[in-house]
Amino acid sequence: MSFNISNLAPIPELYVNYDSARKLKLEAGDMLSWDLTPRQMCDLELLMNGGFNPLKGFLGRADYEGVVENMRLADGTLWPMPITLDVSEKFAESIEEGKDIALRDAEGVILAILSVSDVYRPDKSREAEKVFGADDLAHPAVNYLHNTAGAVYVGGAITGIQAPMHYDFRARRDTPNELRAYFRKLGWRRIVAFQTRNPLHRAHQELTFRAAREAQANLLIHPIVGMTKPGDVDHFTRVRCYEAVLDQYQSSTTTMSLLNLAMRMAGPREAVWHGLIRRNHGCTHFIVGRDHAGPGKNSAGDDFYGPYDAQDLFREHEAEIGVEMVDFKHMVYVQERAQYEPSDEIEDRDNVTILNISGTELRRRLREGLEIPEWFSFPQVVEELRRTSPPRDKQGFTVFFTGLSGSGKSTIANAIMVKLMEMGGRPVTLLDGDVVRKHLSSELTFSKEHRDINIKRIGYVASEITKNGGIAICAPIAPYTATRRFAREMIEAFGAFVEVHVATSLEECEKRDRKGLYKLAREGKIPEFTGISDPYEAPTDAELVVDTEGFEVDNCAQQVLLKLESMGLISGS
């Protein structure tokens, strides 16, 4: 079996020519339109430019079920990941099979036409079990599936009108055919791709050097700049880090291109998917490392996938993928030899000093302003990371109070706001539930749907405050676990999220009831009232639980301040 590409001919794209695109844009003005989500934007781009070849559009029911059950399209072609257009139930009611709908970006620009072949309701629990290995909300893609994705899927062929516009790093963004043409121009016939969603450190450099040598191939550094795991370093910082160390590689044998992929963190299936995508980009080899595309721990505290499950599944389908795997184990630094080596190949480990810094330890050192040794990373990379990751007591953060009406959230939040303003150093904003309802969400009711919208609005505003180095204090009821998690993920992209459960009992809240709301709810005059006719899902993993019964407000506020200090978010007095 040969993985030496002798023919880098173009692969099929789904775009129409310029004149047809102009005509379709005019026709699309009268069509039903769907505004794409960020994930759908990433998927559509790779559908249209051939990155997801042989897919011709979003999966219909038969293809979807085949992919979920056995990683194959209905015609038997290997494809491990469901590429689906999820929509709301309300929108689905207006769709007719056999009709066209226009797909637009967030600004309303028409990118493509979808010819609807299927409108169907998926079994999301089955999809989670088969694709991600467990129906466990600790997995970010499973949580997305159940709590963000629409309830109905729409399948059909895509007619591409124009690519989504990217204003960042445009010279680094290549379609599959652009990369194939580049390889063809340089005479490259063996190309090994390195997939990453993290900054490049010295271990990664050694791994890529070894992979290129082992495969006797040129190197494509191919980082993900679409959606990755919540909490990852933003792609702007990462690309600056990559560019800072590119001179460590020979420009005649190495190139870098950015991939606008929405990762699913699906471990073994994701590795196969990544291999197929790299084949479409003209690569012959692909590096699959330890715990490739793993999402971390499950609800039981165990890893979702075994460390080499991804390598095993890739190896099983290697010939069909058409890309040879270059497998690598965990790389560690051997101090006595001043070099990186695969951990399982060190035979004299009892006589040498093995050093390694985990991602968690790196983040701690950045957060606390501690030294990051040169054996671990490049000074240019550390400098970039420190620019966007200042010490934690200089970063923005959010304190998110949740609890029943009357629990004391707003009172404690006000006290915390005053104490933090007294300390100075960062702007402090209070997003109280009642105040937000008045100024930001006055049109919303108290239905579950509208409560979720309200919390998402609060989360968005808090994330912007956090991103810009301020302190956001939120005090809504926020009764639903999934919505609080949504807010957490939005905010943790930019700083710390500190959830404080004000765990005052329902009985005590009813005693306090200065607004008379509980009385009205008991009489049935307020429908869907939290704690009475609508559930409150108490947090199980809040950073802090505060009981206000029998305690002064000042004491409760002090507990919060001590927690913030212990997390390094404020400096001790």
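Bear in mind that the values here come from a model prediction, so they are computed numbers and not experimental data. (Residues numbered from 1 in each chain as written. Predicted model: local features only at pLDDT ≥ 70, side-chain atom pairs only at ≥ 80, totals over all residues. Heavy atoms only, no water.)

> Which residues make up the overall build of the protein chain, and what values go with them?
Looking only at helices and strands, the protein chain has 21 helices and 19 strands in total. In summary, the protein chain has a C-alpha radius of gyration of 26 Å against a globular reference of 25 Å for 573 residues, a match within 12%. Counting only residues that meet the buried cut, the protein chain has 52% of its 573 residues in that class. For the protein chain, contacts bridging at least 24 residues in sequence account for 73% of all contacts bridging at least 6. (Helix = DSSP H or I, 4+ residues; strand = E, 2+ residues; numbered from the N terminus. Rg over C-alpha atoms; globule rule 2.2 N^0.38 Å. Buried < 20%, exposed > 50% of the residue type's maximum accessible area, 1.4 Å probe, protein only. Contact = heavy atoms within 4.5 Å.)

> Explain the packing of aromatic side chains to me, and be specific about the residues and the numbers.
Per the counting criterion, the structure on display carries 18 aromatic pairs. Here the aromatic rings of Phe304 and Tyr305 are separated by 6.2 Å at their centres, their planes lie at 45°, and the arrangement is tilted. We classify Phe304 as buried; its relative accessible area is 14%. By way of ring pairs, the aromatic residues Tyr333, Tyr340, Trp375 and Phe376 are connected into one cluster. Cation over ring: Lys456 sits above Phe486, and NZ or CZ is 4.7 Å from the ring centre. One Lys or Arg, Lys467, reaches over the ring of Phe494 and ends 5.3 Å from the middle of that ring. (Phe/Tyr/Trp six-rings, centres within 6.5 Å; stacked < 30°, edge-to-face > 60°. Lys NZ or Arg CZ within 6 Å of the ring centre and 35° of its normal.)

> How would you explain the pattern of salt bridges if you had to name every residue and give the values?
All chains considered together, the criterion is met by 35 salt bridges. For Arg365, the salt bridge is made with Glu361, and the minimal N-O distance between the two is 2.8 Å. Taken together, the residues span about one helical turn, with Arg365 and Glu361 both in helix α13 (residues 359-368) at a distance of four residues. For Arg365, a relative accessible area of 21% puts it in the partly exposed group. A salt bridge links Asp452 to Lys448; the nearest nitrogen and oxygen atoms lie 3.1 Å apart. Taken together, the residues Asp452 and Lys448, both in helix α17 (residues 448-467) and four residues apart, mark about one turn of the helix. (Salt bridge = Lys/Arg side-chain N within 4 Å of Asp/Glu carboxyl O.)

> Now, about the domain arrangement of the protein chain: what can you tell me, with residues and values included?
In terms of domain boundaries, the protein chain breaks down into domain 1 (18-160), domain 2 (170-332) and domain 3 (392-567). Here the C-alpha centre of domain 2 lies 25 Å away from the C-alpha centre of domain 1. Each side of the interface is counted separately: domain 1 has 31 residues, and domain 2 has 31 residues. Buried surface at the junction of domain 1 and domain 2, summed over both partners, amounts to about 2600 Å²; 62% is from carbon and sulfur atoms. By the criterion of area lost to domain 2, the three top residues of domain 1 are Met71, Leu78 and Met81, representing 20% of everything that side buries. Our enumeration of links across domain 1 and domain 2 arrives at two salt bridges. Counting across the interface, domain 1 meets domain 2 through 14 residue pairs in polar contact (both at pLDDT 80 or more). Elements with a minimum of two residues in the side of domain 1 that touches domain 2: α2 (38-48), α3 (61-70), α5 (124-132) and α6 (140-147). Here the side of domain 1 that touches domain 2 takes six residues from α2, the largest share from any one element. (Domains from an automatic or database assignment. Buried area = accessible area lost by both parts, 1.4 Å probe. Polar contact = N/O pair within 3.5 Å; in protein donor to acceptor, adjacent residues only side chain to side chain.)

> I'd love a proper account of the UniProt feature "domain: APS kinase" (unreviewed entry) in the protein chain, names of residues and values included.
Residues annotated in UniProt with the feature "domain: APS kinase" (unreviewed entry) correspond here to residues 395-547. Taken end to end, residues 395-547 is 44% helix and 17% strand, and its first and last C-alpha atoms sit 28 Å apart. (UniProt positions renumbered as here; feature names shortened; annotations may be inferred.)

> Give a description of the environment of Ser377 that names residues and reports values.
When you line up the elements, Ser377 lands in the loop between α13 and α14 (379-388). Setting aside its immediate chain neighbours within four residues, Ser377 contacts Leu200, His201, Arg202, Ile372 and Val382. A distance of 2.7 Å separates polar atoms of two side chains, one belonging to Ser377 and the other to His201.

> Just give me the short version of the pairing of strand β5 (residues 110-120), but keep the residues and values in it.
Direction of pairing for strand β4 (residues 100-104) relative to β5: antiparallel, over a ladder of five bridges. Across the sheet, the residue bridging to Arg104 is Ile110, located in β5. The antiparallel hairpin formed by β4 and β5 contains five residues in its connecting segment, where Gly108 sits at a positive phi of about 90°. (Pairing = 2+ DSSP bridges.)

> A description of α17 should follow, citing residues and the corresponding values.
The end-to-end C-alpha distance of α17, which contains 20 residues, comes to 28 Å, matching closely the 28 Å that a straight helix rising 1.5 Å per residue would cover. Of all the positions in α17, only Arg451, Asp452, Asn454, Ile455, Ile458, Gly459, Ala462, Ser463, Ile465 and Thr466 are classed as buried. Taken together, the buried residues of α17 touch β15 (397-402), β16 (428-432), α16 (433-439), β17 (471-475) and α18 (481-492). (Expected span 1.5 Å × (residues − 1).)

> Can you tell me about the UniProt feature "domain: Sulphate adenylyltransferase catalytic" (unreviewed entry) in the protein chain, naming the residues and giving the values?
In this structure's numbering, the residues bearing the UniProt feature "domain: Sulphate adenylyltransferase catalytic" (unreviewed entry) are residues 173-387. In residues 173-387, the share of helix is 37% and the share of strand is 15%. The end C-alpha atoms are 24 Å apart.

> Before we move on, can you summarise the side chain of Thr483 with the specific residues and values?
Within the element layout of this structure, Thr483 appears in helix α18. Thr483 has contacts with Asp452, Ile455 and Lys456, leaving out every residue within four places of it along the chain.

> Residue-level account of the sheet that holds strand β18 (residues 496-502), with values.
The sheet built from five strands is open, its strands ordered β16-β17-β15-β18-β19 with parallel pairing. On the outer flanks of this sheet lie β16 and β19 (544-546), each paired with one strand and no other. Averaged over all adjacent pairs, the angle separating strand axes in this sheet is 20°, with direction ignored. Alignment of β18 against β19, held across three bridges, turns out to be parallel. Following the sheet pairing, Val502 is matched in β19 by Val546. Sheet contacts for α18: β15 and β18; angle to β18, the most-contacted strand, approximately 150°. (Axes fitted to C-alpha atoms, helices over the stretch in contact; angles between N-to-C directions.)

> With reference to specific residues and values, describe the sheet that holds strand β8 (residues 218-223).
Taken in spatial order, the five strands line up as β9-β8-β7-β10-β11 in an open sheet, and their pairing is parallel. Looking at which strands have only one partner, the edges of the open sheet turn out to be β9 (254-256) and β11 (324-327). Each adjacent strand pair in this sheet contributes to an overall mean axis angle of 25°, direction not counted. Two strands pair when backbone bridges link them, and strand β7 (residues 191-196) and β8 are joined in this way by six bridges, in the parallel orientation. Counted as the bridge partner of Thr196 is Pro223 from β8.

> Which residues make up the nonpolar core, and what values go with them?
By size, the foremost hydrophobic cluster in this structure holds 73 residues, and its most contacted members are Phe52, Trp79, Leu103 and Ile158. Two domains each provide a minimum of three residues to this core, namely domain 1 (18-160) and domain 2 (170-332). When sequence neighbours within four positions are dropped, the list of residues in contact with Leu103 reads Trp34, Leu36, Leu44, Phe58, Leu85, Val109, Ile110, Leu111, Ala112, Leu114 and Ile158. One finds Ala215, Ala217, Leu362 and Ile372 within the second-largest nonpolar core, a separate group that totals 36 residues. (Core = buried A, V, L, I, M, F, W, Y, C linked by side-chain atoms within 4.5 Å.)

> Can you lay out the pairing of strand β13 (residues 339-342) for me, pointing to particular residues and giving the numbers?
Pairing of strand β12 (residues 331-334) with β13, which is carried by four bridges, proceeds in the antiparallel orientation. Each residue of the ladder has a partner; that of Val334, found in β13, is Gln339. Joining the antiparallel neighbours β12 and β13 is a turn of four residues, in which Ala338 adopts a positive phi near 50°.

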